Amino acid sequence: MSAGEPTATDVAAMRRALELALRGPARGVNPRVGCVILSPKGDVIAEGWHRGAGTAHAEVDALTRLAPGAARGATAIVTLEPCNHTGHTGPCAVALIEAGISRVVYAVADPGEHSSGGAKHLRSAGVDVTAGVLVDEVEAMLDDWLFAARHHRPHVTVKWAASLDGRAAAADGTSQWITGPEARIDVHRRRAVADAIAAGTGTVLADDPSLTARDADGELLERQPVPVVFGRREVPADAAISRHPKAALFFDGTDLAADLAELARRGIRSLFVEGGPTLASAMIAAGLVDEVLVYLAPALIGGPRLAVGELGISSIDEALRLDFATIERLGDDLLIVARPVSERAAHAPTTDPERN
């Protein structure tokens, strides 16, 4: 084996570290991370994982399970590059060095502006470092956190339901129900796996949505998104969102990029934009949308109530081009999942209920 090359034991230990990482919370500011410590002979001598903000990081969690001096000459296998900053806890790179770890193997580099650099620090202290082991598997597990860390905002999915001629409601404003029950169930499942669900004040005032995730019987699902409202109009104190299991967040929406950055700082990694056309259009026009879900009903409505409003596009050459990711039939309706043709479209969506 050449220096820096992973062994079969390293790969097996990384798979175990990935299993440990999945025990941590899927939501929040911090990523899920797992760590396995191997003796110089390659035996597992400690395991750890991160349990959420304010708790020990995976590497430190594993080290605390060892007797003093037991980590000297050992190898730490960790899913994410050891951090190099002091937050609620100290730098993991320093903890590994002080414990006498001689080799570190990690899967994915830490993209954090303040937390990255752990590998460089370890190497400067004489620790052998190997990167990129099971990187695809770990990237898939951390996709939403990595997206938020790299882009400083949540992954944004915009959803609408429309008739075949692109109308979201009839001329009198009625919209329940354009699509059938299968489509509505799918929407709620996708709401449940998003960190937050957003609507504009116009939709809140007109429709009084609860912004919850429910099952086919109307009962609340166990996992609920944080409700977020964008707009400058005042929302009544007795609005349905006031009874949401989670406290709503309010933004005036004048600087959507800054609002999304604040959501990311609060640990929101994925945002499901539910309504209405004004908010959807503003998100799209600002270039902040990574995925579009269109539930298309076999109906014609006509009239002015379009699913999407003004995008600032005056020529066909300026059209926002999308890739069709999937087209699926849900009862009588079609679900079209599309993503902008850009580098960001390479990131996996976070609203697929089958992924969590």
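Parameters at a glance
Residues numbered from 1 in each chain as written. Predicted model: local features only at pLDDT ≥ 70, side-chain atom pairs only at ≥ 80, totals over all residues. Heavy atoms only, no water. Helix = DSSP H or I, 4+ residues; strand = E, 2+ residues; numbered from the N terminus. Buried < 20%, exposed > 50% of the residue type's maximum accessible area, 1.4 Å probe, protein only. Contact = heavy atoms within 4.5 Å. Areas by Shrake-Rupley, 256 points an atom, 1.4 Å probe, with all protein chains shown as cover. Lys, Arg positive; Asp, Glu negative; His and termini not counted. Charge placed at Lys NZ, Arg CZ, Asp CG, Glu CD. Salt bridge = Lys/Arg side-chain N within 4 Å of Asp/Glu carboxyl O. Pairing = 2+ DSSP bridges. Axes fitted to C-alpha atoms, helices over the stretch in contact; angles between N-to-C directions. Polar contact = N/O pair within 3.5 Å; in protein donor to acceptor, adjacent residues only side chain to side chain. Phe/Tyr/Trp six-rings, centres within 6.5 Å; stacked < 30°, edge-to-face > 60°. Lys NZ or Arg CZ within 6 Å of the ring centre and 35° of its normal. pLDDT = per-residue confidence, 0-100.

J.: For this particular structure, what's the right way to read the overall build of the chain?
T.: Looking only at helices and strands, the chain features 10 helices and 13 strands. Principal-axis analysis of the C-alpha atoms gives the chain an extent of 75 × 45 × 40 Å. Out of the 356 residues in the chain, the part that is buried amounts to 49%. Residue pairs in contact within the chain that sit at least 24 positions apart in sequence constitute 71% of those at least 6 positions apart. Here the chain displays about 16600 Å² of accessible surface, and carbon together with sulfur accounts for 52% of that area. Side-chain charges of the chain comprise 35 positive and 47 negative groups, with the mean position of each set lying 3 Å from the other.

J.: Sorry if this is basic, but what is going on with the pattern of salt bridges here?
T.: When their charged atoms lie close together, side chains carrying opposite charge are able to pair. On inspection of all chains with the given rule, the structure shows 18 salt bridges. Between Arg153 and Asp290 there is a salt bridge whose closest N-O contact spans 2.8 Å. Placement of Arg153 in the loop between helix H6 (143-151) and strand E6 (155-163) and of Asp290 in the loop between helix H10 (277-285) and strand E11 (291-297) is noted, with a sequence separation of 137 residues between them. Considered together, Arg153 and Asp290 belong to a single accessibility category, that of buried residues. Ionic contacts of the salt-bridge type, sharing partners, join the residues Asp10, Arg103 and Asp128 into one network.

J.: Explanation requested: the sheet that holds strand E9 (residues 249-251) in the structure shown.
T.: Each strand in a sheet pairs with another by means of backbone hydrogen bonds, the pair being arranged parallel or else antiparallel. Spatial strand order, E9-E8-E7-E10-E6-E11-E13-E12: eight strands in an open sheet with mixed pairing. Each edge of the sheet is formed by a strand with only one pairing partner; in this case those strands are E9 and strand E12 (322-330). Here the average twist between neighbouring strands, direction ignored, is 20°. For E6 and strand E10 (residues 270-275), the ladder comprises four bridges, and the chain directions are parallel. Its bridge partner lying in E10, Thr157 is registered against Phe272.

J.: What am I meant to see in the side chain of Ser270 here?
T.: The residue Ser270 is located in strand E10 in this model. Side-chain polar atoms of Ser270 contact the backbone nitrogen of Asp195, separated by 3.0 Å.

J.: I would appreciate a short explanation of the sheet that holds strand E4 (residues 103-108) in the present structure.
T.: Taken together, the five strands give an open sheet; going across it, the order is E2-E1-E3-E4-E5, and neighbouring strands pair in mixed fashion. Bordering the open sheet on either side are strand E2 (44-49) and strand E5 (128-131), each of which pairs with just one other strand. Between one strand axis and the next, the sheet turns through 15° on average, direction left out of account. Pairing analysis gives five bridges linking strand E1 (residues 34-38) to E2, with the strands arranged antiparallel. For Cys35, the partnering residue across the bridge sits in E2 and is Gly48.

J.: Can you help me understand the environment of Ala161 in this one?
T.: Looking at the element boundaries, Ala161 is found in strand E6. Those residues in contact with Ala161 that sit more than four places away from it in its chain are Arg167, Ala168, Ile178, Thr179 and Tyr295.

J.: Would you mind going over the packing of aromatic side chains with me for this structure?
T.: Both the distance between ring centres and the angle between the ring planes are used here to describe each pair of aromatic rings. All told, the structure shown has one aromatic pair when counted by the stated rule. A ring pair is formed by Phe230 and Phe251, whose centres lie 5.7 Å apart and whose planes are at 25°; its orientation type is stacked. Remark: Phe251 occurs in strand E9 and Phe230 occurs in strand E8 (residues 226-230); sequence separation between them is 21 residues. If you follow Arg23 out to its NZ or CZ, it ends over the ring of Trp49, 4.7 Å from the centre. One Lys or Arg, Arg51, reaches over the ring of Trp49 and ends 3.8 Å from the middle of that ring.

J.: Any chance you could explain the confidence of the model for the chain here in plain terms?
T.: When pLDDT drops low, the exact placement of atoms in the prediction is not to be read closely. For the chain, the average pLDDT comes to 89, and 94% of its residues sit at 70 or higher. Ranking the helices and strands of the chain by mean pLDDT puts E1 first, with 98, and helix H8 (residues 201-207) last, with 89.

J.: Just to check I follow, could you spell out unusual backbone geometry for this structure?
T.: Leaving glycine aside, a negative phi is the common case for residues, and trans is the common case for peptide bonds. One non-glycine residue, Leu134, lies in positive phi territory at about 55°. Structurally, Leu134 can be placed in the loop between E5 and helix H5 (135-141). Judged by relative accessible area, Leu134 falls into the buried class, the value being 12%. Despite not being glycine, Asp208 has its phi angle at roughly 50°, a positive value. Within the secondary structure, Asp208 sits in the loop between H8 and E8. The class of Asp208 is partly exposed, set by a relative accessible area of 37%.

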